[in-house]
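Below, each chain spelled out in residue letters.
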Amino acid sequence: MYFDTKPKSICCMRMDTLSQILSYANVMSGINVMLVETCQGLLLGAIIDRLAGSGQVVQFYSGQAPPRQALEYYSFAKDYMSNVFAVPLSLVSIIDKVKDEPDELPTGNRNETPKFDQATTNKDEAKLDLQESSDSAVSKSSLRQTQREKEKHQAIQLVKAKQMDTLIVACKYDPTPIVTSLLRYVAPSRPIVIYCQYQQPLVECYMQLRYQNLGVVNLKLSETWTRNYQVLPDRTHPVVSMSAASGFLLTGTTVIQ
């Protein structure tokens, strides 16, 4: 649907390219995945579906919130989403400095009942009801913020352990600084997959990984390509109008340096 209507919103990623990413990254149930994507959550949804509720995904994002617009079409159960965490890319540089125990967040007593005299007028009661409603909304917002901070800390500790099973990057940003920053958190003998709509950023990333001794071997840069056929009696031939290309893939395997 996205590829036919808004291909740029998913970095022009075709379904055959998506399947290759999942295969190269060896995505399966029970693994830990590091993901950086700007494909509206399309790739994230495919990974969650492969994990089937067993395994964890740490999604790094830039901006106010991770892009997950496509997830609503997957209709995942709650237990599928419970192991999906989001961490801002701005925190990558301080992952190793984060404490093992989360800092205690200040919490106020927002359940305290306000006191007032019996002579309070109806107008004052209405004001108090409005204040209680406002305090309740603030309390819920504070609880959600606290929960997000706990989940963020849990995800950072998971990455900090350097036991991630794969790294997948499919975004509109330059992949080289992202890959070089996150590579050290991937366990040895694990696959990495970088997708880009254009070839040049992957060529630069390839050169960086190959000649800077960053602990990646078996590097391979390939173009994803497919051909659709029309199959009819006595009229079988390639489809006249079809997609010419769907980006490029850079794959490799991590090793101990």
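Please read these numbers as outputs of a predicted model, since none were measured by experiment.

S.K.: A description of the sheet that holds strand β2 (residues 56–61) should follow, citing residues and the corresponding values.
M.R.: Adjacent strands of a sheet form backbone hydrogen bonds with each other and so pair up, either parallel or antiparallel. In space, the seven strands of this open sheet follow the order β3-β2-β1-β4-β5-β9-β6, with mixed pairing throughout. Each of the sheet's edge strands pairs with one partner strand only, and the pair in question is β3 (84–88) and β6 (216–223). Pairs of neighbouring strands in the sheet enclose a mean axial angle of 15°, with direction left out of account. Examined bridge by bridge, β2 and β3 share five bridges and lie parallel to one another. Note on β3: the bridge partner recorded for Q59 is A86. Against the sheet, helix α3 (residues 42–51) engages β1 (32–37), β2, β3 and β4 (166–170), with an angle of about 165° to β1.

S.K.: Describe the pattern of salt bridges, and please don't skip the residues or the numbers.
M.R.: Using the criterion set out here, one finds three salt bridges in the structure. A salt bridge links D96 to R184, with the nearest nitrogen and oxygen atoms 3.7 Å apart. Of this pair, D96 sits in the loop between β3 and α5 (122–160) while R184 sits in the loop between α6 (175–182) and β5 (191–196), and the two are 88 residues apart along the sequence. Take R184: its relative accessible area is 40%, and that puts it in the partly exposed class. The shortest N-O distance in the salt bridge between D165 and R190 comes to 3.0 Å. Of this pair, D165 sits in the loop between α5 and β4 while R190 sits in the loop between α6 and β5, placing them 25 residues apart in sequence. Given the relative accessible area of 26%, R190 is considered partly exposed.

S.K.: Summarise the nonpolar core; cite the residues concerned and give the values.
M.R.: Judged by nonpolar contacts, the single largest core of 34 residues is most densely connected at M34, F60, L182 and L209. Not counting chain neighbours up to four residues away, the residues in contact with M34 comprise V58, F60, V159, M164, T166, L167, I168, L182, Y185 and V186. Of all hydrophobic cores here, the second largest spans 29 residues; its members include L22, C39, I48 and V84.

S.K.: Which residues make up the packing of aromatic side chains, and what are the values?
M.R.: Under the definition given, this model contains two aromatic pairs. Centre to centre, the rings of Y74 and F76 are 5.0 Å apart; their planes meet at 10°, and the pair counts as stacked. What makes Y74 partly exposed here is its relative accessible area of 27%. For the ring pair F76 and Y80, a centre distance of 5.8 Å and an interplane angle of 25° mean the geometry is stacked. An aromatic cluster is defined as three or more aromatic residues linked by ring pairs; in this entry it consists of Y74, F76 and Y80.

Parameters and conventions
Residues numbered from 1 in each chain as written. Predicted model: local features only at pLDDT ≥ 70, side-chain atom pairs only at ≥ 80, totals over all residues. Heavy atoms only, no water. Pairing = 2+ DSSP bridges. Helix = DSSP H or I, 4+ residues; strand = E, 2+ residues; numbered from the N terminus. Axes fitted to C-alpha atoms, helices over the stretch in contact; angles between N-to-C directions. Contact = heavy atoms within 4.5 Å. Salt bridge = Lys/Arg side-chain N within 4 Å of Asp/Glu carboxyl O. Buried < 20%, exposed > 50% of the residue type's maximum accessible area, 1.4 Å probe, protein only. Core = buried A, V, L, I, M, F, W, Y, C linked by side-chain atoms within 4.5 Å. Phe/Tyr/Trp six-rings, centres within 6.5 Å; stacked < 30°, edge-to-face > 60°.

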